[in-house]
Amino acid sequence: MKLSQIHPLQYSILFSLLFTLSCSWDRFVLSRVNESTTVKAEAAKELLNKDKITIVLTGTGSPLPSESIQNSTAIFVNGQFLLFDSGDGVAMAMEKLNLPVAEINAVFITHFHSDHFADLGEVIDRSWLLGRQKPLTVYGPKGTTDLVNGFLKSYQSEYYYRTKHHGEVVMPSQWKGAKPNEFYPKSDGSSKIIYEKDGVVVRGFFVNHEPVEPAVGYRVEFKGKSIVISGDTADSKFLKKQSFGVDYLISEVMNKSMIAKVEKAYESIANPRLGKIMKDIQLYHIDVTELGNLAESAKVKTLVLTHMIPFVKGYVQTKAIYKDPIQKVFHGDLIIGHDGKRIEIPLP
Ligand SMILES: [Zn+2]
Ligand SMILES: [Zn+2]
């Protein structure tokens, strides 16, 4: 049909229809923007609430393929947002979880395996793009300065384009990037205070992830509550010492008998390369029974599992591979972590 053949009445109906559709799209977009803004504001208010500490397991994965985001834990304490490690996928995961990314105060890196820092550049950048107007410090052992400066260098053009396009008011170049802050824990396994703000204290200490050195864990303290983050470690007397009596120990864990079976399976199908990797990784992670014993003898109140190797899904597998062997020796509370898991600690 040619345009000239359209009756004026048809024109008018078509125009009204397009007008109505356009108005309803406007209303739809406005309501979605309103809804997402409200949800994010409420989530931020809840997490930055000073009456409690909130732990969010932002990523519970490892370098082995799984459905999980790589390793990361967020702790909200006294209005501060502290992020421990930032493996692959963590920056987007935080936004999907409605965490107030622009409010981040500090990132703490445990060691330089990529599943603990791969998304650091994105965490630094996204927090700024989303409105961070304060400095961001990245704490970590020796090597952190090189790591941070490497990311900053690779993001130079990104920072430049954003400010050039949106202007200094929207993207103030003053707050782009982050500052590294290296620390050197004592070799005797005692901890060192590396962060202190409004009563919140974070200590760093060595763990045993040989041949990866340095490798550290962290202990967060506020108003008599304590949380330890293991980082990656084999069974470690330093971790045990720092975990003594803690409210929460958030620890990596491996079921070594399962990984030994995977090792044998690769050897039996003539894949010695993957067999060797499966053999090697058993040397620098902590086994389920070792972790259960460590938590029991350190009188840990609640043990939280993250960075679980192998990744398993479903009640039956999780029970057999993690819950049963740990609860055979550990009698405190046990939380099997998953991405997005929140733990709230009321404050006195
Ligand atoms: Zn790891
Ligand atoms: Zn590691």
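Residues numbered from 1 in each chain as written. Chains lettered and ligands numbered in written order. Predicted model: local features only at pLDDT ≥ 70, side-chain atom pairs only at ≥ 80, totals over all residues.

A few points about the overall build of the protein chain
Then, number 1: When its secondary structure is counted, the protein chain shows 10 helices and 14 strands.
Then, number 2: With respect to the three principal axes, the spread of C-alpha positions in the protein chain is 85 × 50 × 40 Å.
Then, number 3: Evaluated residue by residue, the protein chain yields a buried proportion of 39% over its 348 residues. (Helix = DSSP H or I, 4+ residues; strand = E, 2+ residues; numbered from the N terminus. Buried ≥ 20, exposed ≤ 12 C-beta atoms within 10 Å, placed from the backbone.)

Some remarks on helix α4 (residues 144-154)
Then, number 1: Residues of α4 that are buried include every one of Thr144, Val148 and Phe151, and no others. The buried side chains of α4 occupy one side of the element, clustering within an arc of 60 degrees when seen end-on. Across α4 from its buried face, at more than 90 degrees, point the exposed residues Asp146, Gly150, Lys153 and Ser154.
Then, number 2: Buried residues along α4 sit in contact with α3 (120-129), β5 (137-140) and β6 (179-182). (Arc of directions from axis to C-beta. Contact = placed C-beta atoms within 7 Å.)

Brief notes about unusual backbone geometry
Then, number 1: The residue after Glu213, namely Pro214, is reached through a cis peptide bond having omega 0 degrees.
Then, number 2: Within the secondary structure layout, Pro214 lies in the loop between β8 (200-206) and β9 (216-222).
Then, number 3: Cis rather than trans, the peptide bond between Ile309 and Pro310 has omega equal to 0 degrees.
Then, number 4: For Asn78, which is not glycine, the phi torsion reads 50 degrees and is therefore positive.
Then, number 5: A count of 17 C-beta atoms within 10 Å places Asn78 in the partly exposed class.

Some details on the environment of Phe205
Then, number 1: Assignment of secondary structure puts Phe205 in strand β8.
Then, number 2: Look at Phe205 and you get buried, because 23 C-beta atoms sit within 10 Å.
Then, number 3: Taking C-alpha positions, Phe205 is 5.5 Å from Gly217, a pair spaced 12 residues apart along the chain.
Then, number 4: Excluding its chain neighbours within four sequence positions, the residues that come into contact with Phe205 are Pro185, Gly189, Ser190, Ser191, Val216, Gly217, Arg219, Phe238 and Gln242.

Examining the sheet that holds β6
Then, number 1: Spatial strand order, β6-β5-β4-β3-β2-β1-β14: 7 strands in an open sheet with mixed pairing. Each end of this open sheet is capped by a strand with a single partner; those strands are β6 and β14 (342-346). The sheet shows a mean angle of 20 degrees between the axes of neighbouring strands, taken without regard to direction.
Then, number 2: Note that strand β2 (residues 72-77) and strand β3 (residues 80-84) share 5 bridges and pair antiparallel. For Ile75, the partnering residue across the bridge sits in β3 and is Leu82. (Pairing = 2+ DSSP bridges. Axes fitted to C-alpha atoms, helices over the stretch in contact; angles between N-to-C directions.)

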